[in-house]
Number of protein chains: 2
Amino acid sequence: MSVAIKIALNGGLYNKDPQDSELGRNIIEHSIELIDELGIEAFTFKKLSIRINSTEASIYRYFVNKHLLLLYLVNWYWEWVQYLIQINSRHIIDPKDKLKIIIQSIVSASKENPMVGYVNESKLQKIVISDGMKVYHTKDVDDENSKGFFKSYKNLALTVSQVISDVNPNFKYPYALATNLFEMANNHLFFAQHLPKLTDISVKTNVYDEMEEMLEYYVNKLLAE
Amino acid sequence: MSVAIKIALNGGLYNKDPQDSELGRNIIEHSIELIDELGIEAFTFKKLSIRINSTEASIYRYFVNKHLLLLYLVNWYWEWVQYLIQINSRHIIDPKDKLKIIIQSIVSASKENPMVGYVNESKLQKIVISDGMKVYHTKDVDDENSKGFFKSYKNLALTVSQVISDVNPNFKYPYALATNLFEMANNHLFFAQHLPKLTDISVKTNVYDEMEEMLEYYVNKLLAE
DNA sequence: TAATAAAGATAGTAATACTATTGTTTTTAA
DNA sequence: TTAAAAACAATAGTATTACTATCTTTATTA
């Protein structure tokens with residue numbers, strides 16, 4: 001049995017907490033697999049219900065629709081990154097070192113030992129890279145934002161922006177740089193694989209190492225006084 | 001009658017070139033309006049056909065589906081930005097000044113005088129900001145990329161990366177910085193409006209001016225030797 | 001053991017994303 | 001100028017999606 005980490009997520013994201021039942025955890029586990037395989041567009045509750053030998057109606061008892069399920073997964077992911085940053089930097093005082101840990105955690109959130117049995121962090125990262133930004137690029141952003149559905153991401157941005165400001169209190173764009181680090185990490189891992197002309201990162205070497213190097217170069221240059 | 005700029009786009013993006021007929025131009029004009037109003041998810045050919053007093057079948061004669069229509073519009077936009085950069089920087093020699101023009105063109109592509117009667121550049125920019133990245137975040141990227149469907153964006157990245165390398169030939173990430181400029185411009189205009197906690201740009205002042213300032217600050221710091 | 005909650009089975013609906021066919025204009029070219 | 005061809009409109013039809021509703025079975029708990 002795996003260690004019982006329970007990630008706290010906004011209750012509005014689900015009808016019934018999937019972490020609390022076998023079926024719920026099954027939905028999480030196999031939706032990650034299926035979205036990874038099909039992409040969010042071709043993924044349906046029908047297909048998921050067949051995969052897990054259940055029914056559409058049963059899945060609807062947990063999630064209002066696939067958009068909210070994706071939002072749940074994405075929030076889960078950012079909470080996971082936040083958690084990794086916390087444990088990996090808990091004894092570190094120098095903000096520069098802290099920022100290094102943050103970059104490592106963002107880039108390699110999937111490399112870490114999986115600690116929640118039913119979540120495949122590596123596949124989840126792939127989903128976040130491919131479909132993550134779709135959760136807020138909708139006509140419902142404002143409404144969903146007011147319900148706190150993007151809290152995990154905003155919290156992480158806050159955490160990272162504070163470390164950025166600790167490194168250089170005069171830097172004018174700590175929030176933008178924080179989110180830019182997340183977006184760059186995800187975008188360029190995607191570009192390296194699918195649109196190599198849009199990046200300098202190459203899949204021929206270790207993409208993760210290259211990504212870390214690039215992000216470190218970025219923050220060092222930008223935060224130099 | 002407006003000046004006849006014809007933007008050259010990959011023929012695989014459409015069944016029948018919409019620039020060549022009244023109905024085609026109507027489809028472009030009103031799809032921009034309707035996608036801006038509804039977002040790409042709720043937009044359908046049915047709704048568009050009603051809006052322009054035509055039929056679904058007629059629209060399908062021009063575009064295979066709404067995804068390809070969006071791809072057409074997004075490519076159109078990046079060609080437009082490329083065009084703006086070209087005419088605005090045609091007499092400029094210093095690469096630093098050129099980069100400044102590039103930033104202005106990216107951020108304010110919508111502020112320019114409209115030169116194509118049936119394209120509302122301002123609404124088109126809003127679409128690119130909200131839905132632009134969805135065109136390549138699909139399971140068909142590789143296939144569509146091999147057909148040249150992302151050429152306009154890649155061309156622009158090439159153009160900008162060359163100027164970046166002219167400014168500082170030792171900078172290791174010219175392509176990444178180029179795409180990062182586009183993505184930042186779009187993302188943070190979106191964040192400023194909908195998720196202000198994710199950015200330092202504020203809608204209270206002139207967002208476009210602030211955006212330009214931020215991007216200039218970024219490139220200056222990053223490209224300083 | 002009765003009550004209750006969770007899950008499965010089944011059916012049904014409106015909308016979406018198309019394809020196909022036929023008829024009517026409009027354009028063009030002989 | 002007229003016949004042919006292309007463009008467009010009108011209509012119908014299909015499979016899939018994104019649900020909602022209801023009813024039955026199974027498991028849990030009081």
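Notes on the structure in this doc start here.

## As for the overall build of chain A
Scanning chain A from N- to C-terminus turns up ten helices and zero strands. When its helices and strands are written in sequence order, chain A yields α-α-α-α-α-α-α-α-α-α. In summary, chain A has a C-alpha radius of gyration of 18 Å against a globular reference of 17 Å for 225 residues, a match within 12%. Reported as C-alpha extents along the three principal axes, the dimensions of chain A are approximately 60 × 40 × 35 Å. Residues classed as buried in chain A amount to 56% of the 225 residues present. Accessible area for chain A stands at about 9700 Å²; split by element, carbon and sulfur atoms hold 51% of it. In chain A, which carries 24 positive and 28 negative side-chain charges, the distance between the mean positions of the two groups comes to 3 Å.

## A word on helix H1 (residues 22-42) of chain A
Residues and elements named next belong to chain A. Counted at 1.5 Å a residue, the expected span for H1 with its 21 residues is 30 Å, but the 25 Å between its end C-alpha atoms falls short. Considering bend angle alone, the principal kink of H1 is centred on Asp36 and spans about 80°. Taken residue by residue, H1 has Gly24, Ile27, Ile28, His30, Ser31, Ile32, Leu34, Ile35, Asp36, Gly39 and Ile40 as its buried positions. Where the residues of H1 are buried, they touch helix H2 (45-51), helix H3 (56-60), helix H4 (66-88) and helix H6 (121-131).

## Quick look at the packing of helix H4 (residues 66-88) of chain B against helix H5 (residues 95-107) of chain B
Residues and elements named next belong to chain B. Here H4 crosses H5 at 145°, and the two axes come no closer than 9 Å. Where H4 crosses over H5, the handedness of that crossing is right-handed. Contacts between H4 and H5 involve Tyr77, Val81, Leu84, Ile85 and Asn88 on the former and, on the latter, Ile101, Ile102, Ser105 and Ile106. Taken together, the residues of the contact of H4 with H5 break down into seven nonpolar, two polar and no charged.

## Re the interface of chain B and chain A
Chain B puts 49 residues into the contact, and the matching count from chain A is 49 residues. A salt bridge links A:Glu213 to B:Lys172; the nearest nitrogen and oxygen atoms lie 2.9 Å apart. Applying the counting rule to chain B against chain A returns 18 residue pairs in polar contact (both at pLDDT 80 or more). Of all elements in the fold, only helix H1 (22-42), helix H6 (121-131), helix H7 (141-146), helix H8 (151-167), helix H9 (174-194) and helix H10 (207-223) of chain B reach the threshold of two or more residues within the side of chain B that touches chain A.

## Focus on the packing of aromatic side chains
Residue and element names in this part refer to chain B. Inspection of the entire model under this criterion finds 36 aromatic pairs over all chains. Ring plane angle 85° and centroid distance 6.3 Å describe the contact between Phe43 and Phe45, whose orientation is recorded as edge-to-face. Between Tyr136 and Phe150, the aromatic rings sit 6.5 Å apart at their centres with planes inclined by 80°, giving edge-to-face as the arrangement. Placement of the pair is Tyr136 in the loop between H6 and H7 and Phe150 in the loop between H7 and H8, with a sequence separation of 14 residues. Residue Phe150 is classed as buried on the basis of its relative accessible area, which comes to 5%.

## Quick word on the protein's contact with DNA strand D
Around DNA strand D, 18 residues are found, and the nearest of them are A:Tyr60, A:Asn65, B:Ser54, B:Ser58 and B:Tyr62. Protein-adjacent atoms of DNA strand D, using a 4 Å cutoff, are sugar or phosphate at a proportion of 56%. One of the side-chain N or O atoms of A:Tyr60 is found 3.0 Å from a sugar or linking oxygen in DNA strand D. At 3.0 Å, a side-chain N or O of B:Ser58 approaches a phosphate oxygen of DNA strand D. Elements supplying a minimum of two residues to the surface near DNA strand D: H3 of chain A together with helix H3 (56-60) of chain B. For the surface near DNA strand D, the per-class residue count stands at six nonpolar, seven polar and five charged.

## Notes on the packing of H8(B) against H9(B)
Residues and elements named next belong to chain B. Running from N to C, H8 and H9 cross one another at 120°; their axes reach a closest spacing of 8 Å. In terms of orientation, H8 and H9 fall into the oblique class. As H8 runs across H9, the sense of the crossing is right-handed. Only Pro174, Tyr175, Leu177, Ala178, Thr179, Leu181, Phe182 and Glu183 of H9 make contact with H8, whose side of the interface consists of Tyr153, Leu156, Ala157, Leu158, Val160, Ser161, Ile164 and Ser165. Considering only residue class, the contact of H8 with H9 consists of twelve nonpolar, three polar and one charged.

## Some words on unusual backbone geometry
Glycine aside, a negative phi is what most residues show, and trans is what most peptide bonds show. Although it is not a glycine, A:Asn53 sits at a positive phi angle of roughly 55°. The exposure class assigned to A:Asn53 is exposed, which follows from its relative accessible area of 74%.

## A short note on the protein's contact with DNA strand C
The environment of DNA strand C is made up of 17 residues, and the closest members are A:Ser54, A:Arg61, A:Tyr62, B:Glu56 and B:Tyr60. Backbone atoms, meaning sugar and phosphate, make up 59% of the atoms of DNA strand C lying within 4 Å of the protein. In the model, a base nitrogen of DNA strand C is placed 3.2 Å from a nitrogen or oxygen of the B:Glu56 side chain. Within the contact set of DNA strand C, a sugar or linking oxygen lies 2.9 Å away from a side-chain nitrogen or oxygen of B:Tyr60. Partitioned by chemical class, the residues of the surface near DNA strand C number five nonpolar, seven polar and five charged.

## Some points on the relation of the copies chain B and chain A
In screw terms, the move from chain B to chain A is a rotation of 180° and a rise of 0.0 Å along the axis, fitting with an RMSD of 0.0 Å. Interpreted geometrically, this transformation is the action of a two-fold axis. Same-surface contact between copies: 100% of interface residues of chain B are shared with the interface of chain A.

## Comments concerning the environment of B:Trp80
Following the sequence through the fold, B:Trp80 ends up in helix H4. Spatially, the C-alpha atom of B:Trp80 lies 21 Å from that of B:Glu22, the residues being 58 residues apart in sequence.

## Re the nonpolar core
Generally speaking, soluble globular proteins have nonpolar side chains that are buried together. Counting residues in each nonpolar core, the largest one holds 162 residues, and the members touching the most others are A:Tyr136 and B:Tyr136. If we ignore the near neighbours within four places in the chain, the residues touching B:Tyr136 are A:Phe190, A:Phe191, A:Leu195, B:Val141, B:Phe150, B:Tyr153 and B:Glu183.

The rules behind these values
- Residues numbered from 1 in each chain as written.
- Chains lettered and ligands numbered in written order.
- Predicted model: local features only at pLDDT ≥ 70, side-chain atom pairs only at ≥ 80, totals over all residues.
- Heavy atoms only, no water.
- Helix = DSSP H or I, 4+ residues; strand = E, 2+ residues; numbered from the N terminus.
- Rg over C-alpha atoms; globule rule 2.2 N^0.38 Å.
- Buried < 20%, exposed > 50% of the residue type's maximum accessible area, 1.4 Å probe, protein only.
- Areas by Shrake-Rupley, 256 points an atom, 1.4 Å probe, with all protein chains shown as cover.
- Lys, Arg positive; Asp, Glu negative; His and termini not counted.
- Charge placed at Lys NZ, Arg CZ, Asp CG, Glu CD.
- Expected span 1.5 Å × (residues − 1).
- Bend = angle between axes of the 7 residues up to and from the residue.
- Contact = heavy atoms within 4.5 Å.
- Axes fitted to C-alpha atoms, helices over the stretch in contact; angles between N-to-C directions.
- Left-handed = near helix turned anticlockwise from the far one by under 90°.
- Nonpolar A, V, L, I, M, F, W, Y, C, P; charged D, E, K, R; others polar.
- Salt bridge = Lys/Arg side-chain N within 4 Å of Asp/Glu carboxyl O.
- Polar contact = N/O pair within 3.5 Å; in protein donor to acceptor, adjacent residues only side chain to side chain.
- Phe/Tyr/Trp six-rings, centres within 6.5 Å; stacked < 30°, edge-to-face > 60°.
- Near = heavy atom within 4 Å.
- Parallel < 35°, antiparallel > 145°, perpendicular 65-115°, else oblique.
- Least-squares fit on C-alpha atoms with pLDDT ≥ 70 in both.
- Core = buried A, V, L, I, M, F, W, Y, C linked by side-chain atoms within 4.5 Å.

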